[in-house]
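Letter by letter, the chains look like this.
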Amino acid sequence: MQSFMKQLVQQRDKLSQLEKQVLNFFIRYPEKIDSLKLEDAAKEMYVSTATISRTCKKLGYQGFQDFKLQLKLYRHDVGDSKHHEPSASLSAHIRRYEQDMHEALKRIDENLLKQANSMIKRAKQIEWFGVGHSYSVCLDASKKLIMLGKRSMARTDWDDLRYAALNLTKDDLAIFVSNSGETLNILEYAHLVKKQGTPILSLVGTKHNRLSELSDFVFYTPIKNYYHGEIDMCSRAPFNIFLDLLLLEYGS
């Protein structure tokens, strides 16, 4: 608000004495302006309506209504920014998410996307493997892939995942999503898939893990771990970013 008022004050020298009276009212009582009609404002300031309109035009506005609108918008923006100022705790979480996203984006390489895309194109069908929080990443990507015309399945039941792994062939593709790359069930499915000779594409958030060793293609992005009590609250958004870009490449 101070900068808005400063801009008004800087126009003072071009105003007549009566117009300066109008400007002084604007500066002293900005909260009253919004509720005043032009005629009422003239009575409050002891000037004519023409003087108010002329003052607003000299200040750079089309008229009194335009000035009121701009003043209201500015006050609203300032109020919103103050209202939404995050606490120190929330700011720390925001920085954590920003870091995760930044790390994911800086590791995106078009050659990597093309390599992963060629694996998808060659496959007769795609089977997704992700448990816990990683399942939602698999489900989202699988739905998009189906809409792009590719046979794709993301299963929730652990036994279904095991049988799916056993029934894959070398002409299919298994995509694994795991933050740690060390989840026991995921490793079990990966070993089964490997025995079938099926190519494996993996997304991991941790370096040097056993899932990566079993994979033909690995996209790694560090994800900052955060637990609320015993609940894993770290984001899987970096995986979503890579997969969305990959599917855009596939669909282009």
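Details of the structure are given in the entry above.
Residues numbered from 1 in each chain as written. Predicted model: local features only at pLDDT ≥ 70, side-chain atom pairs only at ≥ 80, totals over all residues. Heavy atoms only, no water.

**Thoughts on the pairing of strand 5 (residues 217-220)**
1) Next: Of the two faces of strand 5, only one is covered, namely that formed by Phe217 and Phe219; the face formed by Val218 and Tyr220 stays uncovered.
2) Next: Pairing between strand 4 (residues 200-204) and strand 5: four bridges, direction parallel. Paired with valine 204 across the bridge in strand 5 is tyrosine 220. (Buried < 20%, exposed > 50% of the residue type's maximum accessible area, 1.4 Å probe, protein only. Helix = DSSP H or I, 4+ residues; strand = E, 2+ residues; numbered from the N terminus. Pairing = 2+ DSSP bridges.)

**Concerning the sheet that holds strand 4**
1) Next: If you trace the five strands from one edge of the open sheet to the other, you get 2-1-3-4-5, paired in parallel fashion. Across the chains shown, the open sheet's two edge strands, defined by having one partner strand only, are strand 2 (152-154) and strand 5. Strand-to-strand twist of the sheet, defined as the mean angle between neighbouring strand axes without regard to direction, takes the value 15°.
2) Next: Helix 11 (residues 184-195) contacts strand 1 (126-129), strand 3 (173-178) and strand 4 of the sheet and is inclined by roughly 160° relative to strand 3. (Axes fitted to C-alpha atoms, helices over the stretch in contact; angles between N-to-C directions. Contact = heavy atoms within 4.5 Å.)

**Brief notes about the side chain of asparagine 209**
1) Next: Relative to the helices and strands, asparagine 209 is located in the loop between strand 4 and helix 12 (210-214).
2) Next: By relative accessible area, which is 2% here, asparagine 209 ends up buried.
3) Next: At a separation of 2.8 Å, a polar atom in the side chain of asparagine 209 contacts the main-chain amide nitrogen of serine 212.
4) Next: When near neighbours in sequence (up to four residues on either side) are disregarded, asparagine 209 contacts Ser180, Gly181, Glu182 and Val204. (Polar contact = N/O pair within 3.5 Å; in protein donor to acceptor, adjacent residues only side chain to side chain.)

**Some thoughts on the environment of asparagine 225**
1) Next: Its location among the elements puts asparagine 225 in the loop between strand 5 and strand 6 (227-228).
2) Next: With 20 residues separating them in the primary sequence, asparagine 225 and glycine 205 have C-alpha atoms 9.4 Å apart.

**Considerations on the pairing of strand 3**
1) Next: Counted residue by residue, strand 3 has six buried out of six residues, so it is predominantly covered.
2) Next: On strand 3, burial covers both faces: Leu173, Ile175 and Val177 on one face and Ala174, Phe176 and Ser178 on the other are all buried.
3) Next: Here four bridges tie strand 1 to strand 3, and the two strands are oriented parallel to one another. If you follow glutamate 127 over to strand 3, its bridge partner there is alanine 174.
4) Next: Across five bridges, the pairing between strand 3 and strand 4 is parallel. The partner of serine 178 across the bridge, within strand 4, is valine 204.

No statement about biological role is implied by the geometric values presented.
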